[in-house]
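The primary structure of each chain is shown beneath.
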2 protein chains.
Amino acid sequence: MTREIKKPEIRKNEIINAARKFFYQKGYEQTSIQDIINDLGIAKGTFYHYFTSKIDLLDKLTDQTTNEIYVSLKPIVESDMNAIDKFNAIFKAASTMKMANIDVFVVIIKVLFKDENTIIREKMYRNSIKKTTPLYSTIIKQGIAEGVFDVQSPDDVAEILIQIGTNLNETICRLFLAERKDPDHLVRTMVNKLKIYQDTIERILAAPKGSIQFYIPGEYENMVREFYKKIKEDV
Amino acid sequence: MTREIKKPEIRKNEIINAARKFFYQKGYEQTSIQDIINDLGIAKGTFYHYFTSKIDLLDKLTDQTTNEIYVSLKPIVESDMNAIDKFNAIFKAASTMKMANIDVFVVIIKVLFKDENTIIREKMYRNSIKKTTPLYSTIIKQGIAEGVFDVQSPDDVAEILIQIGTNLNETICRLFLAERKDPDHLVRTMVNKLKIYQDTIERILAAPKGSIQFYIPGEYENMVREFYKKIKEDV
DNA sequence: TAAGATAGACCGACCGTCGGTCTAAGGAGA
DNA sequence: TCTCCTTAGACCGACGGTCGGTCTATCTTA
């Protein structure tokens, strides 16, 4: 076979990107290394020259992904907003990002939330705790200084908040994936869940009632309806 | 080979129990079906007569396990204690159960918290949410009636509490597994974590400050030290 | 500047293991 | 004896991973 030599960094990224494509479309277990190397036209040996194992590849992939999230969050944390606005801005940013890439996201969550892909979600989750806890901790400290939050241990609470945020995200995704005939009912449960989580987070932070505003009336319902449509569309 | 015929229920349970033994000692991926059938002295065909796949076996196993937890929780919920005492009793029961089977538990968490076994934890977690949410919901409603809790949606909050409880459990297990030279430091971080979680749960339930008492001074420290010793002992 | 040497990117045949399938046959009850 | 459920284990294809070896860009040295 023709032999093409590339800069190691390039090759490595090519492999990671191909892996991302397959993992998000077929899942981790369902993707074979053969899939990846066929797609790139490289040999088995080349793959194992760059990665020690299949799980090593997943590690590198999730590292990279979590890092992208970190980079997108950082400017918000470093902006001159007040603590409460920063929290709300982060949620808002996550929503708009998903809406902007809605087609991709629909495919991804359909695959990601299958049993066999628990490991991808778990790795992402563990990684983001490690990476983003300091960011949330910073906001919490700021909020304490501003007199709007009241917690004892910002670091620990930051971790708990990420846990809860992840749970919220999972709950929402699973609601989307659940079989539903009635979009109106879905919208209602969705809004309820979101309000409960808002309230929970406010309580944990001892933030003023109504300050955490993930739910924006009208806007959120539209988002839910659009997602619902997309999810029902394909297969 | 001599052919032994058993009641289907017996066979099925034998297989599940053998699976439990291996899964808890080697993990899910690391246990082959061959391991299980060798151990029982049965053939591949027999296994696939009772289970459709390896993951089906795990499903049945986690179902059974979650059910055992449910059965152990139910009497507490149905007792005549007040809501706060019930919450504390559940935590207490979980602790004493672990202490009673400490040797088994040490082995289990060492294996369960490896990356490759995420799927077992996840299945247990999803199952217990499905199974035990009503139990917690009942306690929350009782607490509201007693005027000690204040939440809007008991069902949703119950789910969030289980999530947080699971996170607490995971955090604690991971602290044990983390490399530590200094047990005193471990005890201190552990107690801190527990207090933070207590406080968080109180806030979510709007329960009186200090009512949730997972941490029992003296007693808890001893437990931690004993666990620490056991964990460091083997390998 | 040209020849030789080195590093490391790349190749693909090969291996052991594993989950799962299939067919034959034993055994219990009719 | 017939029949149906249970048990048996040979067999299969796919997969993750290894390994011996090749090829090429760059560096060294005369």
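The structure presented is a predicted model; accordingly, all values stated were derived computationally and were not measured.

Comments concerning the overall build of chain A
Line of reasoning, step 1. Tallying secondary structure elements over chain A gives 10 helices and zero strands in all.
Line of reasoning, step 2. Shown N-terminal to C-terminal, the secondary structure of chain A runs as helices and strands in the order α-α-α-α-α-α-α-α-α-α.
Line of reasoning, step 3. Expressed along its principal axes, the backbone C-alpha trace of chain A runs to roughly 65 × 45 × 25 Å.
Line of reasoning, step 4. Here the analysis covers contacts within chain A between residues at least 6 apart in sequence; of these, 70% occur between residues at least 24 apart.
Line of reasoning, step 5. Of the roughly 11,600 Å² of accessible surface on chain A, 55% is carried by carbon and sulfur atoms.
Line of reasoning, step 6. Treating the 35 positive side-chain charges of chain A as one cloud and the 33 negative ones as another, the clouds have centres 4 Å apart.

Remarks on the relation of the copies chain A and chain B
Line of reasoning, step 1. In screw terms, the move from chain A to chain B is a rotation of 180° and a rise of 0.0 Å along the axis, fitting with an RMSD of 0.0 Å. When the rotation and shift are considered jointly, the pair of chain copies conforms to a two-fold rotation axis. The rotation axis passes nearest to the C-alpha of A:Arg203 in chain A, at a distance of 2.8 Å.
Line of reasoning, step 2. Take the interface residues of chain A: 97% of them recur as interface residues in chain B, which is what a same-surface contact looks like.

Considerations on the interface of chain A and chain B
Line of reasoning, step 1. Contacts between the two partners involve 34 residues from chain A and, on the opposite side, 33 residues from chain B.
Line of reasoning, step 2. Of the roughly 2,600 Å² buried between chain A and chain B on both sides combined, carbon and sulfur atoms contribute 47%.
Line of reasoning, step 3. Run the count over chain A and chain B and you get 12 salt bridges.
Line of reasoning, step 4. Counting the contacts that link chain A with chain B gives 18 residue pairs in polar contact (both at pLDDT 80 or more).

Looking at the nonpolar core
Line of reasoning, step 1. A:Leu57, A:Phe87, A:Leu205, B:Leu57, B:Phe87 and B:Leu205 are the most contacted members of the largest nonpolar core, which totals 153 residues.
Line of reasoning, step 2. With sequence-adjacent residues up to four places away left out, B:Leu205 is seen in contact with A:Arg203, B:Phe87, B:Ile140, B:Val148, B:Phe149, B:Asp150, B:Val151, B:Val157 and B:Leu161.

Here we look at the confidence of the model for chain A
Line of reasoning, step 1. In this model, chain A carries an average pLDDT of 92, and 98% of its residues clear a pLDDT of 70 or more.
Line of reasoning, step 2. Helix H7 (residues 118–145) of chain A holds the highest mean pLDDT among the elements of chain A, 96, whereas helix H10 (residues 219–233) of chain A holds the lowest, 89.

Section: the side chain of B:Lys54
Residues and elements named next belong to chain B.
Line of reasoning, step 1. Checked against the element boundaries, Lys54 lands in helix H4 (residues 54–78).
Line of reasoning, step 2. Among buried Asp, Glu, Lys and Arg side chains, Lys54 stands out as unpaired, with Glu29 the closest opposite charge at 4.8 Å.
Line of reasoning, step 3. Residues in contact with Lys54, not counting those within four places in the same chain, are Tyr28, Glu29, Thr31 and Ile33.

With respect to the domain arrangement of chain A
Residue and element names in this part refer to chain A.
Line of reasoning, step 1. Partitioning chain A into structural domains gives domain 1 (1–51) and domain 2 (54–233).
Line of reasoning, step 2. A separation of 31 Å is found between the C-alpha centroids of domain 1 and domain 2.
Line of reasoning, step 3. On the domain 2 side, the residues contacting the 21 residues of domain 1 number 19 residues.
Line of reasoning, step 4. Buried area between domain 1 and domain 2, both sides added, is near 1,700 Å², and the carbon and sulfur share of it is 66%.
Line of reasoning, step 5. Of all residues in domain 1, Arg20, Tyr24 and Tyr28 give up the largest surface area on contact with domain 2, accounting jointly for 43% of the area buried on that side.
Line of reasoning, step 6. There are one salt bridge connecting domain 1 and domain 2.
Line of reasoning, step 7. At the boundary of domain 1 and domain 2, one finds five residue pairs in polar contact (both at pLDDT 80 or more).

Some words on the packing of helix H5 (residues 83–100) of chain B against helix H10 (residues 219–233) of chain B
Residue and element names in this part refer to chain B.
Line of reasoning, step 1. At a closest axis distance of 11 Å, the pairing of H5 and H10 adopts a crossing angle of 35°. For the pair H5 and H10, the sense of crossing is left-handed. In this structure, H5 uses Lys92, Ser95, Lys98 and Met99 to contact H10, whose residues at the interface are Glu219, Met223, Glu226 and Phe227.
Line of reasoning, step 2. For the contact of H5 with H10, a count of residues per class yields three nonpolar, one polar and four charged.

Remarks on unusual backbone geometry
All names here are of chain A.
Line of reasoning, step 1. We note that Ala206 has phi near 55°; this positive angle belongs to a residue other than glycine.
Line of reasoning, step 2. Relative to the helices and strands, Ala206 is located in the loop between helix H9 (183–205) and H10.
Line of reasoning, step 3. According to the relative accessible area criterion, Ala206 is partly exposed, its value standing at 37%.

Quick look at the environment of B:Gln152
Line of reasoning, step 1. Checked against the element boundaries, B:Gln152 lands in the loop between helix H7 (118–145) and helix H8 (154–177).
Line of reasoning, step 2. On a C-alpha basis, the gap between B:Gln152 and B:Ile84 in space is 18 Å, while along the polypeptide they are 68 residues apart.
Line of reasoning, step 3. When sequence neighbours within four positions are dropped, the list of residues in contact with B:Gln152 reads A:Asp199 and A:Lys209.

A closer look at helix H9 (residues 183–205) of chain B
Residues and elements named next belong to chain B.
Line of reasoning, step 1. In this model, H9 (23 residues) spans 33 Å end to end at C-alpha, consistent with the 33 Å of a helix rising 1.5 Å per residue.
Line of reasoning, step 2. At the N-terminal boundary of H9, the capping side chain belongs to Asp182, with an oxygen 3.0 Å from the backbone nitrogen of Asp184.
Line of reasoning, step 3. Positive backbone phi, approximately 55°, marks Ala206, located one or two places after H9.

Things to note about the layout of surface pockets
Line of reasoning, step 1. Counted as a void, the second largest pocket has a volume near 660 Å³.
Line of reasoning, step 2. Lining the second largest pocket are 28 residues, with A:Arg174, B:Arg126, B:Asn127, B:Ile129 and B:Lys130 positioned closest to its centre.
Line of reasoning, step 3. Among the elements of the structure, H7 and helix H8 (154–177) of chain A together with H4, H7 and H8 of chain B are those that each provide at least two residues to the lining of the second largest pocket.
Line of reasoning, step 4. Take the lining of the second largest pocket: its biggest share by element is eight residues, from H7(B).
Line of reasoning, step 5. Each residue belonging to the lining of the second largest pocket can be placed in one class, and the counts come to five nonpolar, seven polar and 16 charged.

Focus on the pattern of salt bridges
Line of reasoning, step 1. The final tally for this structure, using the stated rule, is 42 salt bridges over all chains.
Line of reasoning, step 2. In this structure, B:Lys123 and A:Asp115 form a salt bridge, with 2.2 Å as the shortest nitrogen-oxygen distance. Taken as a pair, B:Lys123 in helix H7 and A:Asp115 in the loop between helix H6 (102–112) and H7 lie in two separate chains rather than in one.
Line of reasoning, step 3. You can call A:Asp115 partly exposed: its relative accessible area is 36%.
Line of reasoning, step 4. Note that B:Asp39 and B:Lys21 form a salt bridge whose closest N and O atoms lie 3.0 Å from each other. Separated by 18 residues along the polypeptide, B:Asp39 in helix H2 (residues 33–40) and B:Lys21 in helix H1 (residues 8–26) bring together distant segments of the chain.
Line of reasoning, step 5. Take B:Asp39: its relative accessible area is 38%, and that puts it in the partly exposed class.

Analysis parameters
- Residues numbered from 1 in each chain as written.
- Chains lettered and ligands numbered in written order.
- Predicted model: local features only at pLDDT ≥ 70, side-chain atom pairs only at ≥ 80, totals over all residues.
- Heavy atoms only, no water.
- Helix = DSSP H or I, 4+ residues; strand = E, 2+ residues; numbered from the N terminus.
- Contact = heavy atoms within 4.5 Å.
- Areas by Shrake-Rupley, 256 points an atom, 1.4 Å probe, with all protein chains shown as cover.
- Lys, Arg positive; Asp, Glu negative; His and termini not counted.
- Charge placed at Lys NZ, Arg CZ, Asp CG, Glu CD.
- Least-squares fit on C-alpha atoms with pLDDT ≥ 70 in both.
- Buried area = accessible area lost by both parts, 1.4 Å probe.
- Salt bridge = Lys/Arg side-chain N within 4 Å of Asp/Glu carboxyl O.
- Polar contact = N/O pair within 3.5 Å; in protein donor to acceptor, adjacent residues only side chain to side chain.
- Core = buried A, V, L, I, M, F, W, Y, C linked by side-chain atoms within 4.5 Å.
- Buried < 20%, exposed > 50% of the residue type's maximum accessible area, 1.4 Å probe, protein only.
- pLDDT = per-residue confidence, 0-100.
- Domains from an automatic or database assignment.
- Axes fitted to C-alpha atoms, helices over the stretch in contact; angles between N-to-C directions.
- Left-handed = near helix turned anticlockwise from the far one by under 90°.
- Nonpolar A, V, L, I, M, F, W, Y, C, P; charged D, E, K, R; others polar.
- Expected span 1.5 Å × (residues − 1).
- 1 Å grid on protein atoms, 1.4 Å probe; cavity = no way out; pocket = protein on both sides within 12 Å on 5 of 7 lines; lining within 4 Å.
- Points joined across faces, edges and corners; volume = space filled by probe spheres on them.

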